[in-house]
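# Survey of secondary and tertiary structure
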Amino acid sequence: MSEKIIFIRTSSGEDEVRNRTEHLSKDIKRALLMVDGTATVAEILKRSSPSLRVMLKDMFAELASGGFIRDKSKPVSVVKQAVVSPISKNTSVDDELDFTAAYRVPTPEMLAAEGRKEAEAKRAVETRKQLVTAEKMRLKEETGKFKAMQAAEIVRMKSERERAEAESDARVAVVAGEKASLEAEVAKLKIQAETEAHRRAEAEEKAQIEAEAARQAKSEAERLANEVAARIQTEQEAARITALAKEEAKKRQAREEAEAVRHAEMEVHQAAEQRARLEEEVAALKAHVEAEAHARLEAEKQARLEIEAARVKAEREAAS
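A quick note: this is a predicted structure, and the numbers were derived from the prediction, not measured.

This brings us to the overall build of the protein chain. A count of helical and extended segments in the protein chain gives seven helices and two strands. Counted from the first residue to the last, the protein chain has its helices and strands arranged as β-α-α-α-α-α-β-α-α. Across the 320 residues of the protein chain, 11% fall into the buried class.

So this is what it looks like as structure tokens:
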């Protein structure tokens, strides 16, 4: 049997489940109840108990052969229904009202066929009884096997439970020892943690003191640096002002010197012009004086000449 088959219950199986019929034993019915129409045989085997798992396939095979379950993937065989032929229109009213047609005298062939049917029915009943008896015997045997397996399973489970209890006691002892060891380790770690916390607190306090001292030193250094920077800035500003004043004084002195030089040059130029003018006036005056002196000399010379001429004339006249 393939474990991929999905079984569904037939109408006979549903009657057994609803206790309308009681053709199955309790174990077979329990296997029938596991069929839900969605789970495969493999899935049903997984969720069933180990003791039932061994016989479950055989039980499914018996249920399928008995018509209580069927393969979901296979179509249901359709029973052909008898078709009632309609009454022909040509049938007369006398034929329809023939009450003797309801009873026919059985012929020997009909009696023989009826006897064969009864014999076949008896054989079928006998076969069914034999099958039921065989099924009961098999179920009884399987029930005995199942009970033996259950007893063995109970013994095995009891042994496993005792072994599990022994292992549990051993684990409890181990856990107790580990717990004591862990508690000692925890106590040791707690002492170490407290010591470390105390040391860390002292270190933090020392660090805070050092940080405060460093902060104060930094603040003092910043204050001194600011004062030095302010003094340097003041000195630089004073030096800048002094340099500007010196530069301005130099510029003013240069302007004054340039003005004095220009003024002196102007005075020299004026003096030169005045000297030149005086020299021209002196030259003109000298020329005038020389001209006057020359004219006077000429006049005096002319006068002397005239006087000499008059004297000579007078002497000549006197001599004559």
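Right, picking up where we left off after that structure.
This next bit is on helix H5 (residues 56–65). Buried within H5 we find Leu56, Met59, Phe60, Glu62 and Leu63. Around the axis of H5, the buried residues are gathered within 160° of arc, so they sit on the same side. At the C-terminal side of H5, Gly67 shows a positive phi close to 85°.

Another aspect to go through is the side chain of Glu62. Within the secondary structure, Glu62 is located in helix H5. Accessibility expressed as a relative area gives 18% for Glu62, which makes it buried. If sequence neighbours within four positions are ignored, Glu62 has contacts with Ile28, Glu135, Arg138, Leu139 and Glu142.

Two elements in contact, helix H2 (residues 26–33) and H5, have axes whose closest approach is 10 Å; the angle formed by their N-to-C orientations is 90°. Classified by the angle between their axes, H2 and H5 sit roughly perpendicular to one another. Contacts between H2 and H5 involve Asp27, Ile28, Ala31 and Leu32 from the former and Leu56, Met59, Phe60, Glu62 and Leu63 from the latter. Residues belonging to the contact of H2 with H5 are distributed by class as follows: seven nonpolar, no polar and two charged.

On to the pattern of salt bridges. Taken as a whole and judged by the stated rule, the model has 19 salt bridges. As a salt-bridge pair, Arg255 and Glu248 come within 3.6 Å of each other at their nearest N and O atoms. With relative accessibility at 46%, the residue Arg255 sits in the partly exposed group. Each of Arg9, Glu14 and Arg18 takes part in a single network of salt bridges with overlapping partners.

Basis of the calculations
- Residues numbered from 1 in each chain as written.
- Predicted model: local features only at pLDDT ≥ 70, side-chain atom pairs only at ≥ 80, totals over all residues.
- Heavy atoms only, no water.
- Helix = DSSP H or I, 4+ residues; strand = E, 2+ residues; numbered from the N terminus.
- Buried < 20%, exposed > 50% of the residue type's maximum accessible area, 1.4 Å probe, protein only.
- Arc of directions from axis to C-beta.
- Contact = heavy atoms within 4.5 Å.
- Axes fitted to C-alpha atoms, helices over the stretch in contact; angles between N-to-C directions.
- Parallel < 35°, antiparallel > 145°, perpendicular 65-115°, else oblique.
- Nonpolar A, V, L, I, M, F, W, Y, C, P; charged D, E, K, R; others polar.
- Salt bridge = Lys/Arg side-chain N within 4 Å of Asp/Glu carboxyl O.

In short, shape yes, function no, at least from these values alone.
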